[in-house]
Every structure is written in C-alpha cells, then in structure tokens.
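# Chain and residue survey
Take a look at the letters that make up each chain.
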Amino acid sequence: MYSVSFKYNGLEKSESILEREADDVEVRLKKKLVAKHGLIDDDKTREALRKSFINFDANGNGRVSLQEFIRAMAVHSFVDMDDVLEVVFHKYDVDDSGSLEYDEFCKGLYGLIPIPGASKECRELCRRITLSLKANRGSRNLVITLRGMDNDGNGLLDRSEIYAGLSSCGVDLTERELDTIGHYFDRNGDGRISISEFSHTLRGDINMWRTQMVKLAFLQVDTNDSGGISFTEMREAFRADLHPDVVSGQYTEQEIVDEFIQSWVKDPDEEISEMEFLDYYKDISLAIPNDEAFTTLVKQTWKPRQPIVPPSDIPVRITHEDGSTETVTIEREALSLNYTKRSIEVHLRRQGYADIAKIRVLEP
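Presented here is a report on the structure given in the accompanying data block. For clarity, every value in this text was computed on a predicted model and none was experimentally measured. (Residues numbered from 1 in each chain as written. Predicted model: local features only at pLDDT ≥ 70, side-chain atom pairs only at ≥ 80, totals over all residues. Heavy atoms only, no water.)

## Remarks on the overall build of the chain
Scanning the chain from terminus to terminus reveals 17 helices and 11 strands. Split into buried and exposed, the 364 residues of the chain put 46% on the buried side. For the chain, the proportion of contacts with a sequence separation of at least 24, taken over those separated by at least 6, is 65%. Element-wise, carbon and sulfur atoms account for 48% of the exposed surface of the chain, whose accessible area totals about 18,200 Å². (Helix = DSSP H or I, 4+ residues; strand = E, 2+ residues; numbered from the N terminus. Buried < 20%, exposed > 50% of the residue type's maximum accessible area, 1.4 Å probe, protein only. Contact = heavy atoms within 4.5 Å. Areas by Shrake-Rupley, 256 points an atom, 1.4 Å probe, with all protein chains shown as cover.)

As structure tokens, then:
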C-alpha cells in the first residue's frame, strides 16, 4: 500500500483521497483511449496503450521508471498530478522494484491479471491486516515467520502456510478473505504466493525523511563500501548496549545481537543489500509514531564510522510556469517532521514563489 498524508491550502489530502483519485485516473485513461482511437475492443485499446509507453522505455527492457511513467501519462493528458500518478505507479509495481513493467500495467488495468493495489477489496483487507500487525513491531514479525516457513528457500508459500503465518501473528482470516489473498497474490495460479510481494503490499512505503535516514545508516554500516552489508559488519556496528532488554538486564548484548542477526533469515556468507536494509525499516516503521522517534531509533541502533547527521537542507528543483527552472534549498527545520512534496510546495509559495508549475525533491 502507498501511505501518505499532507496538507495543501489548509486541506488534508490523505491516503484515501489519493487512492480515489488514482482509481479515477485509471477509469479516465481507458475512456481517453477509446475516445482517441475509436476502439471498443479491449485487446486493441490495450495494445495502443502499451505502444504509447515504448518511446519512454529508455533501455528497451519493457519497464519504465516513475519519472518515465509520469512522462508517458502526460501524453494522455494526465499532467500536474505527480502525487496521484505516483500512487498509480506503486499500485502496479507489485515487486517493489522501482520500475514498472508496462505490459503488466496494461494487462492489470484491463483486469487480465490480478493486481492487489488495483482492487479496493484487496486494499481494504491488506489495510486491516496491517493495522492488526502495527501493534506488534509492524510487519517484521510476520516477515520473519513467513521466511522461516519457506523450507525450500524459493520465497513462495501456499495459502495454508500464509494463513498459519498470519494466525501466529494474531491475524485471523475468514475463508473469503483467504480466497481474496489467493486470487490477488497467487499471480500465476500455481497455488503459491510470493513472500516478498505479499509483505511489500502490507508494509507500504515510508516518507522521504525516513528513507534518507536509513540510507545514511546503510552507508555507515557498509564499512568497505561494497554496496552490501556482511553479517560481520552488522555484528560490529550493531549497538546492543542500548536495547531495552539489555538495559533491563533481561538479555545480554550477545543474545540480542544473535537474535537480530537470525531475524534476517539469510545464509551467513550472504550480504544484505540496501533494498533489504530499507525493507527492514519499512517493516518496523508502522509501529513508530513519528519521524523524531524513528530518527532516534536509527541513530541508537548503529555504531557509525562518523555520526549519522540528518541532512539540514533539502534541495528542490522548481519549474516555473514559463518553463524556466531553478534549484533552491530549504532548511529541514522549516518543515514539519512528516514533510511531503506538497507541503514543500506550500512552504515555497509562502516564501514568495507564486508561479510554481511543479517541483522535484532532489537527493540531499
């Protein structure tokens, strides 16, 4: 699920509003295609949509990035709505790869393949499951449980195993709800469900601030700059001395470190990628109420090579209504803890940038 909430012109634009607007985009897109091509055959209309993405597929691999997707949708007159298009993109990026297979998007749009995020029923069920997991370390315990049940290591479980895993984490499903999960997550109809795709849908996303903090921590723990974290690096960097169970005397530091290492369910000689590291924090993020608490948790978990200092300035590229661009920086303290792209735009307008056509938040 895509989770976001922000204020614009004094009104809160929540996840539910974004989802409704994203659903509306999908309906309007199909109507536009029929109006443009004069087609009533779904196969031909779908093929016309697929071809419209080809020009934006930079490397010809059948996939587009978020920015390429937004540019492709502009051809169909969906402009100045990046926030909504981002929700549409994440709906169909079911493997959380950061790129969208546009043939799959076209098939999913017309209901030829099941897309969990495109179904209101499935979204509501996943939201209920997520809320049930929230009180218990987010979705992390579920991920650990499901991976522990994957005896052959192929990342797939059958419906009964998914049911058992959820039940062990305090989530009970009806037979109909289990059927819904089976329909939308058993993507090739072989009776098995991908653990990564299922957990990705439940965990949702985290905001820009939390993402940046996790990436900073990853760079600090990756002491040899290999792009991956070994378990040796993790053991050396993990600060078990501040863990509540160590402070209380219930467990020793070594016991906490061992428990943490085992929670990754990986072979000892494997490395943890940045994406896996980020997924870990997405799993536990649900149970952390605000960015301040999240920042404290990250900083206290690792022994960095140098202090993990949150970026003080946020670079933003402004595109003005006349087409000109400029890059400005905003002090982090000028924004709320849970800032978003739209709240940044509101801040800029209050600072006198009245002719903003769109903005892009750059990597600090």
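## Some remarks on the pattern of salt bridges
The final tally for this structure, using the stated rule, is 20 salt bridges. The salt bridge involving E19 is made with R127; its shortest N-O contact spans 2.8 Å. Within this pair, whereas E19 is found in helix α1 (residues 15–37), its partner R127 is found in helix α6 (residues 120–134), the two being separated by 108 residues in sequence. Side by side, E19 and R127 carry an identical accessibility label, which is buried. A cluster of three or more residues bridged by salt bridges with shared partners is formed by E19, D23, E26, K91, R123, E124 and R127. (Salt bridge = Lys/Arg side-chain N within 4 Å of Asp/Glu carboxyl O.)

## What to know about the packing of helix α7 (residues 140–149) against helix α8 (residues 159–168)
Taken N-terminus to C-terminus, the directions of α7 and α8 make an angle of 140°; their axes are 9 Å apart at the nearest point. By the angle between their axes, α7 is oblique relative to α8. Where α7 crosses over α8, the handedness of that crossing is right-handed. On the side of α7, the interface is formed by L142, T145, L146 and M149, while α8 contributes E161, I162, A164, G165, L166 and S168. Of the residues assigned to the contact of α7 with α8, the class counts are six nonpolar, three polar and one charged. (Axes fitted to C-alpha atoms, helices over the stretch in contact; angles between N-to-C directions. Parallel < 35°, antiparallel > 145°, perpendicular 65-115°, else oblique. Left-handed = near helix turned anticlockwise from the far one by under 90°. Nonpolar A, V, L, I, M, F, W, Y, C, P; charged D, E, K, R; others polar.)

## Side note on a negative patch on the surface
A contiguous patch of negative charge on the surface is contributed by E321, D322, E326 and D355. One can find D355 in the loop between α17 (341–350) and β11 (356–361). (Patch = residues over 30% accessible without salt bridge, like charges linked within 9 Å, V, L, I, M, F, W, Y side chains within 5 Å. Lys, Arg positive; Asp, Glu negative; His and termini not counted. Charge placed at Lys NZ, Arg CZ, Asp CG, Glu CD.)

## A look at α17
Note that an α-helix has 3.6 residues per turn; residues three or four places apart therefore point the same way. The buried fraction of α17 amounts to seven of the 10 residues, a majority that puts the element mostly inside the structure. Turning to α17, its buried residues are R342, S343, I344, E345, V346, H347 and L348. Positive phi shows up at G352, right after α17, with a value of about 105°.

## Some words on a positive patch on the surface
On the surface, R71, R317, K358 and R360 cluster together to form a positively charged patch. You can see K358 is positioned in strand β11. K358 gets classed as partly exposed once you look at its relative accessible area, which sits at 44%.

## Remarks on the sheet that holds strand β9 (residues 313–320)
Taken in spatial order, the three strands line up as β10-β9-β11 in an open sheet, and their pairing is antiparallel. Of all the strands in the sheet, the pair left with one neighbour each is β10 (325–331) and β11. Averaged over all pairs of adjacent strands, the angle between their axes in this sheet comes to 30°, without regard to strand direction. In this structure, β9 lies alongside β10, joined through seven bridges in antiparallel fashion. By the bridge assignment for β10, P315 is matched with T329. Against the sheet, α17 engages β9, β10 and β11, with an angle of about 125° to β11. (Pairing = 2+ DSSP bridges.)

## Notes on the pairing of β9
As a general feature of sheets, a regular strand has side chains that alternate between the two faces. Summarising burial for β9: six of the eight residues are buried, a large majority. A loop of four residues connects β9 with β10, the two strands running antiparallel in sequence, and G323 in this loop sits at a positive phi of about 95°. Strand direction decides the pairing type here: β9 and β11, joined by five bridges, are antiparallel. The residue of β11 that forms the bridge with H320 is I356.

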